[in-house]
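If you want the building blocks of each chain, they are given just below.
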Amino acid sequence: MSEQALRERIQDIPDPCSCATGVPLGIGEMGLIESVKRTEGQVTVRLHITSPMCMMAAYFMREIEQRLLTVEGVTAVNVEFDHDLKWTPQDIEPEARQRLAAKRITMLGGRLLPQDSAQRRS
(Lines give C-alpha, C1' and ligand atoms only; values in the text may rest on other atoms or scores of the structure.)
Protein backbone atom coordinates (compact mmCIF):
# COMPACT_ATOMS: atom_id res chain seq x y z
CA MET A 1 0.00 0.00 0.00
CA SER A 2 1.35 3.43 -0.95
CA GLU A 3 2.08 6.19 1.55
CA GLN A 4 -0.85 8.16 0.06
CA ALA A 5 -3.19 5.18 0.61
CA LEU A 6 -1.96 4.86 4.20
CA ARG A 7 -2.65 8.58 4.73
CA GLU A 8 -6.15 8.15 3.33
CA ARG A 9 -6.76 5.31 5.78
CA ILE A 10 -6.17 7.60 8.79
CA GLN A 11 -7.31 11.02 7.58
CA ASP A 12 -10.88 10.64 8.79
CA ILE A 13 -9.92 9.82 12.39
CA PRO A 14 -12.10 12.30 14.28
CA ASP A 15 -10.45 15.22 16.02
CA PRO A 16 -12.24 15.29 19.41
CA CYS A 17 -11.80 19.05 19.82
CA SER A 18 -13.54 19.78 16.53
CA CYS A 19 -16.29 17.33 17.50
CA ALA A 20 -16.82 19.35 20.68
CA THR A 21 -17.42 22.48 18.56
CA GLY A 22 -20.25 20.72 16.73
CA VAL A 23 -18.27 20.58 13.47
CA PRO A 24 -16.57 17.17 13.47
CA LEU A 25 -13.44 17.13 11.35
CA GLY A 26 -10.97 14.38 10.62
CA ILE A 27 -7.29 14.81 11.38
CA GLY A 28 -6.68 15.16 7.63
CA GLU A 29 -9.13 18.07 7.30
CA MET A 30 -7.60 19.66 10.39
CA GLY A 31 -4.18 19.61 8.73
CA LEU A 32 -2.71 17.56 11.58
CA ILE A 33 -0.99 14.93 9.40
CA GLU A 34 2.48 16.23 8.58
CA SER A 35 3.78 13.08 6.91
CA VAL A 36 3.32 9.35 6.44
CA LYS A 37 6.46 7.37 5.60
CA ARG A 38 6.77 3.65 4.96
CA THR A 39 10.01 1.71 5.03
CA GLU A 40 9.21 -1.93 4.39
CA GLY A 41 6.88 -2.98 7.25
CA GLN A 42 7.52 0.11 9.39
CA VAL A 43 5.16 3.11 9.04
CA THR A 44 5.97 6.42 10.70
CA VAL A 45 3.24 9.02 10.99
CA ARG A 46 4.20 12.52 12.05
CA LEU A 47 1.39 14.68 13.45
CA HIS A 48 1.09 18.33 14.34
CA ILE A 49 -0.58 19.20 17.62
CA THR A 50 -2.67 22.32 18.08
CA SER A 51 -1.63 23.07 21.64
CA PRO A 52 1.17 22.12 24.02
CA MET A 53 -1.63 21.02 26.38
CA CYS A 54 -3.19 18.60 23.86
CA MET A 55 -4.46 15.60 25.77
CA MET A 56 -5.42 13.63 22.65
CA ALA A 57 -1.96 12.26 21.78
CA ALA A 58 -2.66 8.80 23.23
CA TYR A 59 -6.03 8.68 21.44
CA PHE A 60 -4.44 9.62 18.09
CA MET A 61 -1.67 7.04 18.56
CA ARG A 62 -4.13 4.27 19.36
CA GLU A 63 -6.44 5.08 16.45
CA ILE A 64 -3.59 5.33 13.94
CA GLU A 65 -1.99 2.09 15.14
CA GLN A 66 -5.32 0.22 15.03
CA ARG A 67 -6.03 1.33 11.48
CA LEU A 68 -2.57 0.82 10.04
CA LEU A 69 -1.65 -2.46 11.72
CA THR A 70 -4.53 -4.10 9.82
CA VAL A 71 -2.82 -3.27 6.50
CA GLU A 72 -1.11 -6.25 4.94
CA GLY A 73 2.66 -5.93 5.26
CA VAL A 74 2.60 -3.32 8.03
CA THR A 75 4.38 -4.78 11.05
CA ALA A 76 5.02 -1.67 13.15
CA VAL A 77 3.58 1.83 13.46
CA ASN A 78 5.38 4.75 15.05
CA VAL A 79 3.49 8.00 15.72
CA GLU A 80 5.56 11.11 16.34
CA PHE A 81 4.31 14.54 17.38
CA ASP A 82 5.58 17.94 16.32
CA HIS A 83 6.05 19.70 19.65
CA ASP A 84 7.26 22.88 17.91
CA LEU A 85 3.62 23.87 17.39
CA LYS A 86 3.94 24.57 13.68
CA TRP A 87 0.19 24.04 13.18
CA THR A 88 -2.02 27.10 12.66
CA PRO A 89 -5.73 27.39 11.84
CA GLN A 90 -4.65 28.14 8.26
CA ASP A 91 -3.67 24.45 8.02
CA ILE A 92 -7.34 23.47 8.19
CA GLU A 93 -8.67 22.63 4.73
CA PRO A 94 -10.56 25.63 3.27
CA GLU A 95 -13.96 23.90 3.08
CA ALA A 96 -13.62 22.74 6.69
CA ARG A 97 -12.67 26.31 7.76
CA GLN A 98 -15.88 27.54 6.11
CA ARG A 99 -17.95 24.99 8.05
CA LEU A 100 -16.28 26.07 11.31
CA ALA A 101 -16.86 29.76 10.51
CA ALA A 102 -20.53 29.11 9.71
CA LYS A 103 -20.95 27.32 13.04
CA ARG A 104 -19.32 30.21 14.94
CA ILE A 105 -21.74 32.65 13.33
CA THR A 106 -24.66 30.64 14.74
CA MET A 107 -23.17 30.60 18.27
CA LEU A 108 -23.17 33.36 20.86
CA GLY A 109 -21.67 32.80 24.28
CA GLY A 110 -21.68 29.05 23.77
CA ARG A 111 -25.39 29.03 22.93
CA LEU A 112 -27.00 28.57 19.56
CA LEU A 113 -28.64 31.68 18.16
CA PRO A 114 -32.09 31.35 16.64
CA GLN A 115 -31.69 30.58 12.94
CA ASP A 116 -33.22 33.89 11.80
CA SER A 117 -30.66 35.86 13.88
CA ALA A 118 -27.81 33.77 12.49
CA GLN A 119 -28.97 34.39 8.92
CA ARG A 120 -29.12 38.16 9.45
CA ARG A 121 -25.48 38.14 10.62
CA SER A 122 -24.23 36.34 7.48
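As shown above, the structure is provided for reference.
What counts, and where the lines are drawn
- Residues numbered from 1 in each chain as written.
- Predicted model: local features only at pLDDT ≥ 70, side-chain atom pairs only at ≥ 80, totals over all residues.
- Heavy atoms only, no water.
- Phe/Tyr/Trp six-rings, centres within 6.5 Å; stacked < 30°, edge-to-face > 60°.
- Buried < 20%, exposed > 50% of the residue type's maximum accessible area, 1.4 Å probe, protein only.
- Helix = DSSP H or I, 4+ residues; strand = E, 2+ residues; numbered from the N terminus.
- Polar contact = N/O pair within 3.5 Å; in protein donor to acceptor, adjacent residues only side chain to side chain.
- Contact = heavy atoms within 4.5 Å.
- Core = buried A, V, L, I, M, F, W, Y, C linked by side-chain atoms within 4.5 Å.
- Pairing = 2+ DSSP bridges.
- Axes fitted to C-alpha atoms, helices over the stretch in contact; angles between N-to-C directions.

Under the counting rule described, the total for this entry stands at one aromatic pair. The interplanar angle of 55 degrees and the centroid separation of 5.4 Å between the aromatic rings of Y59 and F60 together place this pair among those described as tilted. Across the pair, F60 and Y59 agree in class, each one buried.

Our next topic: the side chain of H48. Here H48 is to be found in strand β2 (residues 42–48). In terms of polar contacts, H48 uses its side chain to reach the side chain of D82, at 2.8 Å. Excluding its chain neighbours within four sequence positions, the residues that come into contact with H48 are G31, L32, E34, D82, K86 and W87.

Ranked by size, the top nonpolar core spans 27 residues in total, and within it I10, I27, V45, L47, F60, I64 and L68 carry the most contacts. Contributing elements (two or more residues each) for this core: α1 (3–10), β1 (33–39), β2, α3 (57–68), β3 (76–82) and α4 (94–105). For this core, the leading source of residues is α3, giving four residues. Beyond its immediate sequence surroundings of up to four residues, V45 is in contact with I10, S35, V36, I64, L68, N78, V79 and E80.

So, on to the environment of D91. The residue D91 is located in the loop between β3 and α4 in this model. Sequence separation between D91 and L32 is 59 residues, and the spatial gap between their C-alpha atoms is 7.8 Å. Residue contacts for D91: discarding those within four places in its chain leaves E29, M30, G31 and K86.

Before going further, it helps to spend a moment on the sheet that holds β1. Taken in spatial order, the three strands line up as β1-β2-β3 in an open sheet, and their pairing is mixed. One side of each edge strand has no neighbouring strand; the edge strands of this open sheet are β1 and β3. Taking the axes of each pair of neighbouring strands and ignoring which way they run, one obtains an average angle of 15 degrees across the sheet. Of the pairings in the sheet, the one linking β1 to β2 comprises six bridges and is antiparallel in character. Each residue of the ladder has a partner; that of V36, found in β2, is V45. Against the sheet, α3 makes contact with β2 and β3, and its axis sits at roughly 150 degrees relative to β3, the strand it touches most.

With that out of the way, let us pick up the environment of G73. By the element assignment, G73 lies in the loop between α3 and β3. The exposure class of G73 is partly exposed, given its relative accessible area of 43%. For the pair G73 and M1, spaced 72 residues apart in sequence, the C-alpha to C-alpha distance is 8.4 Å. Those residues within four positions of G73 in sequence are excluded, and the remaining contacts are R38, E40 and G41.

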